[in-house]
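# Chains, contacts and geometry: an overview
Listed below, chain by chain, are the residues.
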Amino acid sequence: MSTTSPALLGPADIRQLAGRLDVRPTKQLGQNFVVDANTVRRIARLAEIGPDDLVTEIGPGLGSLTLALLETGAQVVAVEIDPKLAAELPATIATRCPPEVAARFSIVESDALLVQAAQLEVDGRTPTAVVANLPYNVAVPVLLTLLERIPTLRSGLVMVQAEVADRLAARPGEKAYGVPSVKAAWYADVRWAGAVSRQVFWPVPNVESGLVQFTARPHPVADVSREEVFACVDAAFAQRRKTLRAALAGWAGSADAAEAALRKAGIDPKTRGERLTVEQFAALAAAR
Ligand code: SAM
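Residues numbered from 1 in each chain as written. Predicted model: local features only at pLDDT ≥ 70, side-chain atom pairs only at ≥ 80, totals over all residues. Heavy atoms only, no water.

Moving on: the overall build of the chain. Along the backbone of the chain there are 13 helices and nine strands. Considering only C-alpha atoms, the chain reaches an extent of 70 × 40 × 30 Å along its principal axes. Within the chain, buried positions represent 53% of all 288 residues. Pairs at least 24 apart in sequence give 72% of the contacts found in the chain among residues at least 6 apart. Here the chain has roughly 12,800 Å² of accessible surface; of this, 51% comes from carbon and sulfur atoms. (Helix = DSSP H or I, 4+ residues; strand = E, 2+ residues; numbered from the N terminus. Buried < 20%, exposed > 50% of the residue type's maximum accessible area, 1.4 Å probe, protein only. Contact = heavy atoms within 4.5 Å. Areas by Shrake-Rupley, 256 points an atom, 1.4 Å probe, with all protein chains shown as cover.)

Under the counting rule described, the total for this entry stands at 17 salt bridges. Note that Glu259 and Arg263 form a salt bridge whose closest N and O atoms lie 2.9 Å from each other. Highlighted residues: Glu259 and Arg263, both in helix 12 (residues 255-264), separated by four residues, approximately one helical turn. Within this structure, Arg245, Asp256, Glu259 and Arg263 form a network of salt bridges that share partners. (Salt bridge = Lys/Arg side-chain N within 4 Å of Asp/Glu carboxyl O.)

One broad trend across soluble globular proteins is that nonpolar side chains are buried collectively. By size, the foremost hydrophobic cluster in this structure holds 62 residues, and its most contacted members are Ile58, Val229, Phe281 and Leu284. Taken domain by domain, this core gets at least three of its residues from each of domain 1 (11-216) and domain 2 (226-287). In this view, Ile58 contacts Val79, Ala112, Val130, Val131, Ala132, Asn133, Leu134, Val142 and Leu146; residues no more than four positions away in its chain are not counted. Leu8, Leu9, Val35 and Val40 belong to the second largest nonpolar core, which has 42 residues in total. (Core = buried A, V, L, I, M, F, W, Y, C linked by side-chain atoms within 4.5 Å. Domains from an automatic or database assignment.)

By the definition in use, this model includes five aromatic pairs. Note on Phe33 and Trp202: the rings are 6.1 Å apart at their centroids and 25 degrees apart in plane angle, and the pair reads as stacked. With a gap of 169 residues between them, Phe33 in strand 1 (residues 33-34) and Trp202 in strand 8 (residues 201-202) connect regions that are remote in the sequence. By relative accessible area, Trp202 is classed as partly exposed at 32%. Here the aromatic rings of Tyr177 and Phe237 are separated by 6.2 Å at their centres, their planes lie at 70 degrees, and the arrangement is edge-to-face. Separated by 60 residues along the polypeptide, Tyr177 in the loop between helix 7 (162-169) and helix 8 (179-187) and Phe237 in helix 9 (residues 226-238) bring together distant segments of the chain. (Phe/Tyr/Trp six-rings, centres within 6.5 Å; stacked < 30°, edge-to-face > 60°.)

Next up on the list: the domain arrangement of the chain. By a frequent convention, interface size equals the accessible area lost on bringing the separate parts together. Domain boundaries in the chain define domain 1 (11-216) and domain 2 (226-287). The centre of domain 1, based on its C-alpha atoms, is set 34 Å off from the matching centre of domain 2. Contact with domain 1, which involves 12 residues of that partner, is made by 15 residues of domain 2. Overall, the association of domain 1 and domain 2 removes approximately 1,200 Å² of surface from exposure, summing both partners, and the carbon and sulfur fraction of that is 68%. When the buried surface of domain 1 facing domain 2 is broken down by residue, Tyr177, Lys183 and Trp186 rank first, second and third, together holding 45% of it. At the boundary of domain 1 and domain 2, one finds two salt bridges. Where Arg226 meets Glu148, a salt bridge forms, and the shortest distance between an N and an O atom there is 3.3 Å. At the boundary of domain 1 with domain 2, the tally comes to five residue pairs in polar contact (both at pLDDT 80 or more). With six residues, helix 8 is the single largest residue contributor to the side of domain 1 that touches domain 2. Class assignment of the residues belonging to the side of domain 1 that touches domain 2 gives a composition of seven nonpolar, two polar and three charged. (Buried area = accessible area lost by both parts, 1.4 Å probe. Polar contact = N/O pair within 3.5 Å; in protein donor to acceptor, adjacent residues only side chain to side chain. Nonpolar A, V, L, I, M, F, W, Y, C, P; charged D, E, K, R; others polar.)

Structural data, given as structure tokens:
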């Protein structure tokens, strides 16, 4: 270990740590740990974070990515649901980092879906970035919950199942465009940031992984709440093969009412939800 940098974890370190703690990775918690230093460095680099950032990492696990995040000079507040992993991580960080680096780390033991911004506060500020290898089964709700609850988030870089990465980054008209794409676009510009090999994980997952990068942007301007816009999005995609006039009949009260709202928002009633931008959904919700 150099005197100023964390010592990143390799395959032998992960094996040894997991053995000592008797960690048996569970599918339920999406526990696939990264065993490759190049991958965690790549994630930290793509996240474009540095000493000015307070990064929240969801699911730090054994600490592979955490150490790479600390290497950038950022402050890190991690959220881990597994009590055993949450309890051990401070010791791993202390062993592998100089004290001034370890001082930039803190951990909250919680389900990320329940965490509130105030719990992630460090020195009076809340996170500016989220960087994580997300538990795959709850990746979308975790991401959307964080974007909703932490308005100070400026950017993020998350690793998710490749199929989910496609959905999050899809544009209107693309096959993967759906509810996660529109809801994520409410908060941020989202883009695909690369593939990750299965071989960098222990245990090796049975799905491909991808990276998604996002940059926060102002919400679409409309005289309507986020909840109302999202209700319209959910209704439109619940029957995605139907025209919006038909798909939104329940949401608007009748097919005629849906058509009136669509026309008022300047949208062809025969179009489908998969063609609308988040701005158009906002205009439509406001027109009901
Ligand atoms: N960051 C580590 C890495 O890259 O090696 C571990 C990533 S692993 C894919 C997902 C991690 O998220 C695990 O440590 C798991 O215990 C944790 N986790 C699962 N569900 C969670 C939740 N709802 N809230 C917080 N952490 C969760």
